[in-house]
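Fold and geometry: a report
Okay, here's what each chain looks like letter by letter:
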Amino acid sequence: MAMAAGSLAAVPISMGRSLARAAQRLLAGPLLLQTREPFPLATLTRSPSRGICQIAHALKPAADSLLHGVGDKNVAEAVKNILDMARRASSRSEVLHTDFLTPPIVKESMSALQKLSGIRAEAQGGYPQAERCRISVGHSDAMTTDPDVVAALSISGNFGFEACSHGDFLGAILGTGIVREKVGDILLQGEKGAQVLVVPELTEFLISALDKVGNVPVTCKQIPLLALEYEPPRTKSFKTVEASLRVDAIASAGFKISRSKLVNLISSGDVRVNWSPVIKNGAMLKTGDIVSINGKGRLKIGEITTTRKGKYAVELIRYL
């Protein structure tokens, strides 16, 4: 870098400012390239090239057609970025990885990527029921094995006298300066503490930086993914009959709170559908939607049938 800077300083003034500026841009080029990777690109892994990889004829369904049917603008934008990442991966014969993504983004991205020939995509969250996952994409010739992109940590302490919630553990982790996208699922273990999925490059940092959750001193160590202790979520199903499928009506019945209080929670940004904040009280729900309220849990919309009187009989699956 010293030689490059010196060479630039030696450019004669007679060559003109425009030429000097062009030379300066040339020297800065590699640095600029490092800042142009859009979200959600997190890690770049170079894989051995197996011959010349042509730019993906594979990516010829246009992005707009692949995004057809994705109603949430934030999800659509994230999926578009992942498709762009797949284009780069294919053209360079590399394997690229996202950060941890929410379930709607994972679902829509995998659906779109599976329509592209010559591209391989894998979603990994550390265990089969993982909600937050990372997606790895690459040309099928470059991505021959499942990438190792998820690590597990055990956070242990004496939680017998002070129980800590999912939010307590997440808050402690984010308090070290890590952004949410670098953290996957958090598996609570009662008095023992919790197990946390993270990007591998942050394991050593968390082991040294995380020393307390709430008021409980903790120790943190890396564990194999096979040591994760998880169970299918416990649920309770029941039915409600409502005049409409509006989120304020269905969520009010599902969480056993008044409709007016539910409206207030929506206004304060505490209600989400499929992990995206609800903006309008009249947003309509459908089978498969997940409704969550901060501090109150979540529920899933099951089968919906119409009664003889034109109302809706809705199966609600509450996560315990």
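Residues numbered from 1 in each chain as written. Predicted model: local features only at pLDDT ≥ 70, side-chain atom pairs only at ≥ 80, totals over all residues. Heavy atoms only, no water.

The name given to the protein in an unreviewed UniProt entry is RNA-binding protein YlmH, and the organism recorded there is Phoenix dactylifera.

Considerations on the pattern of salt bridges
If you walk through the whole model with that rule in mind, you get ten salt bridges. The shortest N-O distance in the salt bridge between Asp146 and Arg120 comes to 2.5 Å. In this pair, Asp146 is assigned in the loop between strand E4 (134-139) and strand E5 (151-157) and Arg120 in strand E3 (residues 119-124), connecting sequence segments 26 residues apart. Under the relative-accessibility criterion, Asp146 is labelled partly exposed at 48%. According to the relative accessible area criterion, Arg120 is partly exposed, its value standing at 22%. (Salt bridge = Lys/Arg side-chain N within 4 Å of Asp/Glu carboxyl O. Helix = DSSP H or I, 4+ residues; strand = E, 2+ residues; numbered from the N terminus. Buried < 20%, exposed > 50% of the residue type's maximum accessible area, 1.4 Å probe, protein only.)

Quick word on the packing of helix H8 (residues 247-255) against helix H9 (residues 259-267)
Contact geometry of H8 with H9 gives a least axis separation of 9 Å together with a crossing angle of 115°. Considering the angle they form, H8 stands roughly perpendicular to H9. In this structure, H8 meets H9 at a crossing whose hand is right-handed. Residues Val247, Asp248, Ala249, Ala251 and Ser252 of H8 form the contact with H9, whose own contacting residues are Arg259, Leu262, Val263 and Ile266. Classifying every residue of the contact of H8 with H9 by side-chain character gives six nonpolar, one polar and two charged. (Axes fitted to C-alpha atoms, helices over the stretch in contact; angles between N-to-C directions. Parallel < 35°, antiparallel > 145°, perpendicular 65-115°, else oblique. Left-handed = near helix turned anticlockwise from the far one by under 90°. Contact = heavy atoms within 4.5 Å. Nonpolar A, V, L, I, M, F, W, Y, C, P; charged D, E, K, R; others polar.)

Side note on the packing of aromatic side chains
According to the stated counting rule, one finds two aromatic pairs in the structure shown. On the basis of an interplanar angle of 40° and a centroid distance of 4.9 Å, the ring pair of Tyr127 and Tyr230 is categorised as tilted. Placement of Tyr127 in the loop between E3 and E4 and of Tyr230 in the loop between strand E9 (216-223) and strand E10 (235-242) is noted, with a sequence separation of 103 residues between them. Using a relative accessible area of 12% as the deciding quantity, one classes Tyr127 as buried. We classify Tyr230 as partly exposed; its relative accessible area is 34%. Judged by centre distance (5.3 Å) and plane angle (45°), the ring pair of Phe159 and Phe169 falls under tilted. Here Phe169 lies in helix H6 (residues 166-174) and Phe159 lies in the loop between E5 and H6, a separation of ten residues in the sequence. In this structure Phe159 comes out as buried when scored by relative accessible area, which is 2%. (Phe/Tyr/Trp six-rings, centres within 6.5 Å; stacked < 30°, edge-to-face > 60°.)

Concerning the confidence of the model for the protein
Per-residue pLDDT for the protein has a mean of 81; in total, 78% of the residues score no lower than 70. A low-confidence stretch, residues 1-60 (pLDDT under 50), is modelled with 63 contacts involving residues beyond four sequence positions or located in other chains. (pLDDT = per-residue confidence, 0-100.)

Structural notes on the environment of Ile304
Inspection of the secondary structure assignment puts Ile304 in strand E14 (residues 297-306). As for Ile304 and Leu245, which are separated by 59 residues in sequence, their C-alpha atoms are 9.3 Å apart. In contact with Ile304, other than residues within four places in its own chain, are Leu245, Lys286, Thr287, Tyr312, Ala313 and Val314.

Focus: the sheet that holds E10
On the basis of which strands lie adjacent, the open sheet formed by six strands has the order E10-E15-E14-E13-E11-E12 and antiparallel pairing. With one partner strand each, in any of the chains shown, E10 and strand E12 (276-277) form the two edges of the open sheet. (Pairing = 2+ DSSP bridges.)

A closer look at H8
Extensive coverage of H8 is indicated by the burial of nine of its nine residues. On its buried face, H8 is in contact with E10, H9, strand E11 (271-273), strand E13 (290-293), E14 and strand E15 (312-319). A positive backbone phi angle near 60° is found at Lys256, which sits one or two residues after H8.

Things to note about the sheet that holds E5
With antiparallel pairing, the five strands of this open sheet are ordered in space as E6-E7-E5-E9-E8. If you trace the sheet from one side to the other, it starts and ends with strand E6 (183-188) and strand E8 (212-213), each paired once. Sheet topology note: the E5/strand E7 (residues 193-198) ladder contains six bridges and is antiparallel. Within the sheet, the bridge partner assigned to Ala152 lies in E7 and is Leu197. Of the strands in this sheet, E5, E6, E7 and E8 touch H6, which is tilted by about 140° from E6.

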